[in-house]
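One letter stands for each residue in the lines below.
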Amino acid sequence: MIKKGSKVKVLTGKDKNKEGEVIEINRAKNRAKIKGINLVKKHVKTTKEKKGGIFTKENFLHLSNMKIIEEKKIKKAEIKK
């Protein structure tokens, strides 16, 4: 099962054959964000609190388009509990 922190490989799309770490998962929509993969441009308007501009951020990918390479490591302390 794909979890936050797992290493995955992208199987389809513009980032095919790239590898990265899962940083966020949306279980309801079966999607996950991978660090450095599926980057999109986000235009943000300037406000009093924040400076605007064009920012690059990761977007969600469907879980069926990725394959687990390395499972998240489970600490021995968690197993003993």
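What comes next is a walk through the structure. (Residues numbered from 1 in each chain as written. Predicted model: local features only at pLDDT ≥ 70, side-chain atom pairs only at ≥ 80, totals over all residues. Heavy atoms only, no water.)

### Side note on the overall build of the protein chain
Along its length, the protein chain carries one helix and seven strands. Here the protein chain holds 81 residues, and 21% of them are scored as buried. Of all intrachain contacts in the protein chain linking residues separated by at least 6 positions in sequence, the fraction that spans at least 24 positions is 46%. Carbon and sulfur atoms make up 51% of the accessible area of the protein chain, which totals about 6600 Å². (Helix = DSSP H or I, 4+ residues; strand = E, 2+ residues; numbered from the N terminus. Buried < 20%, exposed > 50% of the residue type's maximum accessible area, 1.4 Å probe, protein only. Contact = heavy atoms within 4.5 Å. Areas by Shrake-Rupley, 256 points an atom, 1.4 Å probe, with all protein chains shown as cover.)

### Some thoughts on the nonpolar core
For soluble globular proteins, the rule of thumb is that nonpolar side chains tend to be buried together. Counting residues in hydrophobic clusters, the biggest one holds 10 residues: I2, V8, V10, V22, A32, I34, I37, L61, L63 and M66. Breaking this core down by element, the ones donating at least two residues are β1 (7-10) and β3 (31-34). (Core = buried A, V, L, I, M, F, W, Y, C linked by side-chain atoms within 4.5 Å.)

### Structural notes on unusual backbone geometry
At N17, a position not held by glycine, the phi torsion is positive, near 70°. By the element assignment, N17 lies in the loop between β1 and β2 (19-26). One non-glycine residue, N38, lies in positive phi territory at about 55°. Its location among the elements puts N38 in the loop between β3 and β4 (39-44).

### Points about the side chain of S6
Summarising the element assignment, S6 is placed in the segment before β1. Looking at S6, the relative accessible area reads 0%, which means it is buried. Within the local environment of S6, its side chain forms a polar contact with the backbone oxygen of K3, the two atoms lying 3.1 Å apart. (Polar contact = N/O pair within 3.5 Å; in protein donor to acceptor, adjacent residues only side chain to side chain.)

### Here we look at the sheet that holds β1
Two pairing modes exist for strands in a sheet, parallel and antiparallel, and in both the strands are linked by backbone hydrogen bonds. The five strands lie next to each other as β6-β3-β2-β1-β7, forming an open sheet whose pairing is antiparallel. In this open sheet, the two strands that pair with only one neighbour each are β6 (61-62) and β7 (66-70). Bridge analysis of β1 against β2 gives three bridges, and the strand direction is antiparallel. Each bridged residue has a counterpart across the sheet, and for K7 the counterpart in β2 is E21. (Pairing = 2+ DSSP bridges.)

### A word on the pattern of salt bridges
Applying the stated rule across the entire model yields two salt bridges. Between D15 and K18 there is a salt bridge whose closest N-O contact spans 3.2 Å. The exposure class assigned to K18 is partly exposed, which follows from its relative accessible area of 42%. Close ionic contact of E24 with K33 constitutes a salt bridge, the shortest N to O distance being 3.6 Å. Since its relative accessible area comes to 36%, E24 is described here as partly exposed. (Salt bridge = Lys/Arg side-chain N within 4 Å of Asp/Glu carboxyl O.)

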